[in-house]
Structure formats: structure tokens, C-alpha cells
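Descriptive structure summary
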Amino acid sequence: MTDPIQPPPEFPKGHRPQVFSEPAIDQLYDGYVILGTELAVAFDRIDTLERLLQERLGVTLAEIDGYKPNEAVDAERQARRAELAQRLLRPFREFRDDRITRGSRKG
Amino acid sequence: MKGFKQHALLPTPQHDEQARQDFVGALRGHLSGRVMPGNYQLFERRVAPRFAAEHGRPPGEEQEIRDWMTREPYYQFWSALQRRSQELLWESVIDPTEREWSELIQRARGGKSTKASKRGSLRLNPSLTVPRYHAAADIHLQPGGYHTDFTSDDIAAGAIYDKGINLYMGGALGSENDLMGNTLLAYLRERHPSHQPKRILDLGCAIGNSTVVWARAFPKAEVHGIDIGAPVLRYAHARAEALGAAVHFSQQNAEGTDFADESFDLVISHIVLHETSKSALVRILAECRRLLKPGGLMLHLEIPRGRTPIEKFMHNWESYNNNETFSRYMTRIDLPAEARKAGFAADEISLEEFVPKMDVAQMNYTQHFFWKILVGHKHGAA
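Residues numbered from 1 in each chain as written. Chains lettered and ligands numbered in written order. Predicted model: local features only at pLDDT ≥ 70, side-chain atom pairs only at ≥ 80, totals over all residues. Heavy atoms only, no water.

1. Examining the packing of aromatic side chains
- Taken as a whole and assessed by the stated rule, the structure comprises 14 aromatic pairs over all chains.
- When the centroid spacing of 4.8 Å and the interplanar angle of 25 degrees are considered together, the rings of phenylalanine 20 of chain A and tyrosine 29 of chain A count as stacked.
- Exposure remark for phenylalanine 20 of chain A: the relative accessible area of 9% places this residue in the buried category.
- Note on tyrosine 187 of chain B and phenylalanine 354 of chain B: the rings are 5.4 Å apart at their centroids and 85 degrees apart in plane angle, and the pair reads as edge-to-face. Linking tyrosine 187 of chain B in helix α7 (residues 179-191) with phenylalanine 354 of chain B in strand β7 (residues 349-354), this pair joins segments that are 167 residues apart in sequence.
- The class of tyrosine 187 of chain B is buried, set by a relative accessible area of 0%.
- Three or more aromatic residues joined by ring pairs make a cluster, and in this case those are Phe20, Tyr29 and Tyr32 of chain A together with Tyr74 and Phe77 of chain B. (Phe/Tyr/Trp six-rings, centres within 6.5 Å; stacked < 30°, edge-to-face > 60°. Buried < 20%, exposed > 50% of the residue type's maximum accessible area, 1.4 Å probe, protein only. Helix = DSSP H or I, 4+ residues; strand = E, 2+ residues; numbered from the N terminus.)

Below you can see the structure in the form of C-alpha cells.
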């Protein structure tokens, strides 16, 4: 048996450099790289799925390219897009809540 | 990463974890191969001419270059992405390690193998104080550094480091991260072909990726590796056993070990000195001299810190942004002079530039690559 494992720290100990004069730009760059990474992960996963579909089920790439979602599928996709937009814009909501809506608190 | 040897102590990434690691590798390869060189062009075509127009002379000191370059948007762009890619690298390796953590510890504990079947050994010292140059900041941004135990018998720092440095160098460190060991071994064979060590000590060995090279090259020699980090040493021991190499690992500070005077004919380190401190460096070199038999050799492999001011500035990115806090001082240090302070005679010490005949990876920040080797040859019969 293994003893309980402490979670490792999320961030390394030590000086965190600030590259740009405005710290928000550093954070934006960080978000940009993370998005790129997750996009690469999603592309690889889609590629895996497409290859498995072709190999195991005979689904062709032309069928995938020509796929038209019906209304129900489209509604599900709309909901997912809205959720993604909500997640992506979290920092801006936070900014709005802290600095604008409750502006009196932090000035 | 292609060509990296998967062994029993490494976690097996799942689909998305693998994709994340592959992307980090691709991003870093693009940054170092395509984006980083633009900083040299930026300096030559824009920064240096403007500086000269304002001051009537070219920028001389690294600090002058720093003041000007860090204000340039292109440099800022590269620097921000380079830093983030380094943090992403560790995240991508930590995820699968966390998932298999308990299993990896079980495997490292030895499973079915018995003490008698082991080739090497492991000796830990829980009362050892981790020196400030390791404890103050996590070197290379690996969260928790190389010394933190997150549970008993922990090996995670070692597993994370093993895969992490493979990604860090885009796979260029070789299938067993053995490039540095192979480079120093090539130096010994090219420049000191008659030296046949019977006892070898590798300082700051971490996961023993270089130590194993020496154990295989000199199978009759007794090979020791020391480090201050317990989790990397537990991992090193299990890894060496899995790879069939006989190495004796112990948790010790290279500034003062418990080995007897004149007990080694070869004392080595692989890009370790720049992770220490000014005072520790002299103590480590003095310890090397104490441990060497008469006629013995000390070899410290170091990465060059640049020939020109702009190269020095680019190298020192690591110091300011990647928690290599001492490396910026290494740029200015006269290593042979430090070795003389540590007790070596002037004619026992040399600093050599070395490019092995084998293929060597291009490091990230330099235009002209070569290794530096601090060589100490203790007087006396070989």
C-alpha cells in the first residue's frame, strides 16, 4: 500500500517573471498557449476517431465532411458552443464583477 | 517523443496526455528552431544600431543588452511563450504520473526482485539538509523541485524529471537521456584514452541517466552516484536496476561526502555546477580534490555560457525565467581560478572546449555550440 499522496503544487516555487508592462498581457499569452495545446489535443482525438471509424465501421471521410446535423443535434451543439464561450469569457466576467458591477468595493 | 525508451518506471500516457506532450514538444521545437533565432536578428538589425546611434558605441555589457532587448515586443513574445511552454511541459508530464503514482511506487519498491538479485544499492539520509540553492526555487520550474517527497517512498520527482528532460530537449538527449553521459565519456576516450577508472563518482546524478552510461562503459568499476534529492535517487536506483546497470546511489551533498580520502580515480558531474552557488562551487571542487586518488581525474561537463554579449544575454534567459538562479554568475566565473581556490595546483587544472565527434544536440539559446569541461588531474602516480 502507498501512504496518502499530497497533491504536488500547481505552480513552481520561485520568482515569476513579468514580460510585458501590463500583467494582463502575460496572462493572455498563457491562455493563448493553453488554448493552442488543448486544440492540438482535440485534433489528435478527432483524428483517432476518424481513423477508427474508417477502419472498423467503414465510415468514409467524404461522409464525415458531408454530414449535416439535424435540428436536435444542432441544438446540442449550440448549447456546447455557448458553454465554451461562457468558460472562455470567465476572466472578463470576473473583471466586470470586481471592477464595474461592484466597483465601489475595489475601486 | 520518438525514440524515447519506455521502461517500467515511466507512466504510460493516455491518448490526450500523449497528445499534450507531443504538442509541447512541437511547440518547443518551433520556438527554439524558428522563433528564438529571430532574437539575434532583432539585436543585430534593430537594437545594436539604435544603441550605437544613441551612445556612439556598440552595447558592451550584458546588462545594457538586457535593458534594450526586454523592451522589444518580439523578444517579449518569444520570452512569454518560452516560459509558458516550460510550465506546460511539466504539467503534461505530471498528469500521467499522478494517475499512476501508487503503481509506480510499487514498481520502484522492487516487486518480485529480491535483495540478492540487485546489482547496485540505495542509501538515503533523511536528516540531510537540502541546500538553499535547491530549496529556494524549483529549478527549471519543476513543481516541488527534485527533492520533495509527496508521500513515503516517493519517486514522482524522478519519473517527472525523466520524461520532462526528454521533452525539454525535444528528444535530443537520446533514448535513455544519455547524451551528457555519452558526451563526457567521448571526451575521456578521445583525450585520456589510457585512463581506466576502478572507482567512479558522479556528483548531482539526479535520476542517474548519465551514471548508467559510466556503469555500462566500465563494467568492472565500482560506480557511485550522489544527489541531495531522495525521490530522484529512489527512482534512479529502480531505473538502473530495470536497465541492468550496477550503480550505488546515496543521498549526499557534494560539498561534503562521507567517502574516504583518495577513494576515487574518476569524479564527474554533468551540467551540475551551474545549479549550485558561488561558495558551494569552491567547496564541491575541494571535495573532489580530497576524494581523488593521486593521478585521478575530475571532469565537470558544463554548457557554454556564450562567447558574445548577446549570446550571454540569451543564455541567461534561463537564469531569469527558468529558476537557474546561479547560472547568470557562472557566465562571469573563472572556473580554473575557483578550482585553485579549492586547492588544485595551477598545472592540475584546465578548462577545455569540446565538441564530440558524435552528434550533439543544438542547445536552445546559442549560435555556436560547444561543451565546456573543467578538468582536474591530480598530481601523483596514475
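2. A closer look at the sheet that holds strand β4 (residues 248-251) of chain B
All names here are of chain B.
- Within the open sheet, the eight strands sit side by side as β1-β4-β3-β2-β5-β6-β8-β7. Their pairing is mixed. Edge positions in the open sheet fall to β1 (121-123) and β7, since each of these has one partner strand only. Across the sheet, the mean angle from the axis of one strand to that of its neighbour is 20 degrees, orientation sign disregarded.
- As judged from the four bridges shared by strand β3 (residues 222-227) and β4, these two strands associate in the parallel manner. Across the sheet, the residue bridging to histidine 224 is histidine 248, located in β4.
- Packing of helix α9 (residues 230-242) onto the sheet brings it into contact with β1, β3 and β4, and relative to β4 it is tilted by some 175 degrees.
- Against the sheet, helix α10 (residues 278-291) touches β2 (199-203), β5 (264-270), β6 (292-302) and β8 (371-377), its axis set at about 145 degrees to β6. (Pairing = 2+ DSSP bridges. Axes fitted to C-alpha atoms, helices over the stretch in contact; angles between N-to-C directions. Contact = heavy atoms within 4.5 Å.)

3. Some words on the nonpolar core
Residue and element names in this part refer to chain B.
- Counting residues in each nonpolar core, the largest one holds 92 residues, and the members touching the most others are Met69, Trp214 and Leu299.
- Here this core takes 13 residues from helix α4 (residues 73-109), the largest share from any one element.
- Among residues more than four places away in sequence, those in contact with methionine 69 are Asn39, Leu42, Phe43, Val47, Tyr75, Ile310 and Phe313. (Core = buried A, V, L, I, M, F, W, Y, C linked by side-chain atoms within 4.5 Å.)

4. A closer look at the packing of helix α1 (residues 23-57) of chain A against helix α1 (residues 15-35) of chain B
- Between α1 of chain A and α1 of chain B, whose axes approach to 9 Å, the crossing angle comes to 125 degrees. Classified by the angle between their axes, α1 of chain A and α1 of chain B sit oblique to one another. With respect to the hand of their crossing, α1 of chain A and α1 of chain B are arranged in right-handed fashion. Note on element contacts: α1 of chain B touches α1 of chain A through His15, Asp16, Ala19, Arg20, Phe23 and Leu27 of chain B, opposite Val33, Gly36, Thr37, Glu38, Ala40, Val41, Asp44, Arg45 and Thr48 of chain A.
- Classifying every residue of the contact of α1 of chain A with α1 of chain B gives six nonpolar, four polar and five charged. (Parallel < 35°, antiparallel > 145°, perpendicular 65-115°, else oblique. Left-handed = near helix turned anticlockwise from the far one by under 90°. Nonpolar A, V, L, I, M, F, W, Y, C, P; charged D, E, K, R; others polar.)

5. Focus on the confidence of the model for chain A
- Per-chain confidence: chain A averages 85 in pLDDT, with 84% of residues scoring 70 or above.
- Predicted confidence in chain A is weakest over helix α5 (residues 103-106) of chain A, with a mean pLDDT of 46, and strongest over α1 of chain A, with 92. (pLDDT = per-residue confidence, 0-100.)

6. What about the layout of surface pockets?
All names here are of chain B.
- Its boundaries defined by the atoms lining it, the second largest pocket holds a volume of some 290 Å³.
- Of all the elements in the fold, those that place two or more residues in the lining of the second largest pocket are α4, β1 and α9.
- Among the elements that make up the lining of the second largest pocket, the one with the highest residue count is α4 (three residues).
- Of the residues that constitute the lining of the second largest pocket, the class distribution is four nonpolar, three polar and five charged. (1 Å grid on protein atoms, 1.4 Å probe; cavity = no way out; pocket = protein on both sides within 12 Å on 5 of 7 lines; lining within 4 Å. Points joined across faces, edges and corners; volume = space filled by probe spheres on them.)

7. With respect to unusual backbone geometry
All names here are of chain B.
- Backbone geometry places aspartate 153, a non-glycine residue, at a positive phi of 55 degrees.
- By the element assignment, aspartate 153 lies in the loop between α5 (132-135) and α6 (156-168).
- Even without being a glycine, glutamate 262 presents a positive backbone phi close to 50 degrees.
- Mapped onto the elements, glutamate 262 comes out in the loop between β4 and β5.

8. Points about the pattern of salt bridges
Residues and elements named next belong to chain B.
- Applying the stated criterion across every chain yields a total of 31 salt bridges over all chains.
- One salt bridge in this structure joins glutamate 352 and arginine 191, with 2.8 Å as the shortest N-O distance. Placement of glutamate 352 in strand β7 and of arginine 191 in helix α7 is noted, with a sequence separation of 161 residues between them.
- Given a relative accessible area of 37%, arginine 191 falls into the partly exposed group.
- Residues participating in the shared-partner salt-bridge network are Glu17, Arg99, Glu100, Glu103 and Arg107. (Salt bridge = Lys/Arg side-chain N within 4 Å of Asp/Glu carboxyl O.)

9. Focus on α1 of chain B
- The end-to-end C-alpha distance of α1 of chain B, which contains 21 residues, comes to 29 Å, matching closely the 30 Å that a straight helix rising 1.5 Å per residue would cover.
- Taken together, the buried positions of α1 of chain B are Glu17, Ala19, Arg20, Gln21, Val24, Gly25, Leu27, Arg28, Leu31 and Val35 of chain B.
- Buried residues along α1 of chain B sit in contact with α1 of chain A together with α2 (37-55), α4 and α6 of chain B. (Expected span 1.5 Å × (residues − 1).)

10. Some remarks on the interface of chain B and chain A
- At the junction of the two partners, chain B supplies 35 residues and chain A supplies 32 residues.
- With both chains or domains summed, chain B and chain A bury close to 3,000 Å², and 59% of this area falls on carbon and sulfur atoms.
- By the criterion of area lost to chain A, the three top residues of chain B are His15, Arg84 and Phe150 of chain B, representing 19% of everything that side buries.
- Taken together, chain B and chain A are joined by four salt bridges.
- Of the charged contacts, one joins aspartate 16 of chain B and arginine 45 of chain A as a salt bridge, the two residues approaching to 2.9 Å between their closest N and O atoms.
- The tally of links between chain B and chain A comes to twelve residue pairs in polar contact (both at pLDDT 80 or more).
- Taken together, the elements giving at least two residues each to the side of chain B that touches chain A come down to α1, α4 and α12 (317-321) of chain B.
- It is α4 of chain B that provides the largest number of residues to the side of chain B that touches chain A, a total of 16 residues. (Buried area = accessible area lost by both parts, 1.4 Å probe. Polar contact = N/O pair within 3.5 Å; in protein donor to acceptor, adjacent residues only side chain to side chain.)

11. A look at empty space enclosed by the protein
Residue and element names in this part refer to chain B.
- The final tally for this structure, using the stated rule, is three cavities of 30 Å³ or more.
- Of the voids in this model, the largest cavity is the one considered here, and its volume is about 720 Å³.
- Along the walls of the largest cavity sit 41 residues, with His140, Tyr161, His270, Ile271 and Glu275 positioned nearest its centre.
- Those elements that place two or more of their residues in the lining of the largest cavity are α5, α6, β2 and β3.
- The element that contributes the greatest number of residues to the lining of the largest cavity is α6, accounting for three residues.
- Classifying every residue of the lining of the largest cavity by side-chain character gives 23 nonpolar, twelve polar and six charged.

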